[in-house]
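Here is what each chain is made of, one letter per residue.
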Amino acid sequence: MAITLSDHAVPRPPLSAWLSTPQAWGIVLLAPYLLVFLAFVIYPVGYGLWLARHPESYVALYNDPIFARAAVNTLIFLVIGINVKMLIALFLSGFFVQQRAWIRWLSVLFILPWAVPSIPTILSVRFMLNPEWGVVNHIIFSLTGDDGPNWLNDPTIALTMAIGVHIWKSLPFWTLILMTGRLAISNDLFEAAAVDGASWWQKFRYITWPSMRTLYVTCTLLSMIWTLGDFNSVYLLTGGGPADLTHVLATLGIRYLRLDQLNLAMASIVCALPLVLPLVYFMMKRLSR
C-alpha cells in the first residue's frame, strides 16, 4: 500500500540551511543601502523617464530654437572647455609637483577656487564683470579712460566667460589627480634620461606621457560626464542669458522647470543620454583593462 504525503507534511528546511550567518548579516547590512538606492536613484530616474515618454515632448523640444542653441553650446563646452582644462592641468601638475617651499604655498592658493563653494565664487566673478560698477571695467577705465565691454550681454563673450569660470573652478581638482600620476613615476627614469642628455620635452614625451596616458584619458572622460550635469558655471554666471543664448542642456532643463514645463525639462535631460552613455561605456572599458 503506497503512502503519499501532502506538501504540508514535508518539513521545510530552516533558513540557516539556505544562508550562512555571514551571508544573512550581509543581506541585513546591504538592505538600507538598497532602500536608499531605490528611493533616491531608481525611482527618480524611472519617474523622469516616465514623464519624458511622450513623443510630443520631443517634437516641441525640436521646434524650440533655444534647444538647438543649447545643444551646440554643450558641444562647445565639452570640446573646447574640457580639453583646454585638461591640457592646462597636465602641465600645471608638472609645475606643482616640484619640491619647493614657495610652490607649496602657491598650491594652497591655487586650490582655493575648487575648495570654496560654487555660489560665492561664481557670483563674485559675476559682480566683477558688471559693466557699471564691476572691478574689471573700473580697472579698464582707470588705465585707458574708456568704458569696458558689457561682458555678459554678448552671447559669445558670455559663453567664453562661462567656460573660463568652469576651467578656473575645476582646474585645481584635476591638477591634483594628475599630480598623483606624476608622483607614481619612478624618479630613476628621469635621472637616467638626464644622464643621457634628454631635454624636458623628451622626458615628457617618452617617460611622463606614456605613464600617464591612461589616467589622462580616463580623467577627460570623467570630466565630460560631470560637465554634462554641471549647471553652476552657466546658471550662476549668465543665467542662460542674454536672450537664452548661453544655455547648455543642464540649464535648459531648469529653464523649462521655471516655465512649469516639466515634460520638456525631462525630455531635455533625456536628450543628453546619447552623449553620456558612450562616455560611460568608454570610461568603464578603459578601467576594466
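Residues numbered from 1 in each chain as written. Predicted model: local features only at pLDDT ≥ 70, side-chain atom pairs only at ≥ 80, totals over all residues. Heavy atoms only, no water.

### So, the packing of helix α5 (residues 101-115) against helix α8 (residues 155-183)
Here is step 1 of the chain: Where α5 meets α8, the closest approach of the two axes is 7 Å, and the angle between their N-to-C directions is 120°. Our classification of the angle between α5 and α8 gives oblique. The handedness of the crossing between α5 and α8 is left-handed. Contacts between α5 and α8 pair Phe110, Ile111, Pro113 and Trp114 from the former with Trp168, Lys169, Leu171, Pro172, Phe173, Thr175 and Leu176 from the latter.
Here is step 2 of the chain: Classifying every residue of the contact of α5 with α8 gives nine nonpolar, one polar and one charged. (Axes fitted to C-alpha atoms, helices over the stretch in contact; angles between N-to-C directions. Helix = DSSP H or I, 4+ residues; strand = E, 2+ residues; numbered from the N terminus. Parallel < 35°, antiparallel > 145°, perpendicular 65-115°, else oblique. Left-handed = near helix turned anticlockwise from the far one by under 90°. Contact = heavy atoms within 4.5 Å. Nonpolar A, V, L, I, M, F, W, Y, C, P; charged D, E, K, R; others polar.)

### Examining the layout of surface pockets
Here is step 1 of the chain: Taken as a whole, the largest pocket encloses approximately 410 Å³ of empty space.
Here is step 2 of the chain: Taken together, 13 residues form the lining of the largest pocket, with Gly94, Val97, Arg182, Phe190 and Thr208 sitting closest to its centre.
Here is step 3 of the chain: Sorting the residues of the lining of the largest pocket by element identifies α4 (65-96), α8, α9 (187-195) and α10 (200-228) as the ones contributing at least two each.
Here is step 4 of the chain: In this structure, the second largest pocket spans a volume of roughly 290 Å³.
Here is step 5 of the chain: The wall of the second largest pocket is formed by 15 residues, among which Trp114, His166, Lys169, Ser170 and Asp230 lie closest to the centre.
Here is step 6 of the chain: When residues of the lining of the second largest pocket are assigned to their parent elements, the largest contribution, five residues, is made by α8.
Here is step 7 of the chain: For the lining of the second largest pocket, the residue count by class is five nonpolar, seven polar and three charged. (1 Å grid on protein atoms, 1.4 Å probe; cavity = no way out; pocket = protein on both sides within 12 Å on 5 of 7 lines; lining within 4 Å. Points joined across faces, edges and corners; volume = space filled by probe spheres on them.)

### Remarks on unusual backbone geometry
Here is step 1 of the chain: Omega for the bond connecting glycine 241 with proline 242 falls within 30 degrees of zero, at 0°, which places this linkage in the cis form.
Here is step 2 of the chain: Inspection of the secondary structure puts proline 242 in the loop between α11 (232-237) and α12 (249-258).
Here is step 3 of the chain: Even without a glycine there, the phi angle at aspartate 260 is positive, about 60°.
Here is step 4 of the chain: On the secondary structure map, aspartate 260 appears in the loop between α12 and α13 (262-270).

In short, geometric facts, not functional conclusions.
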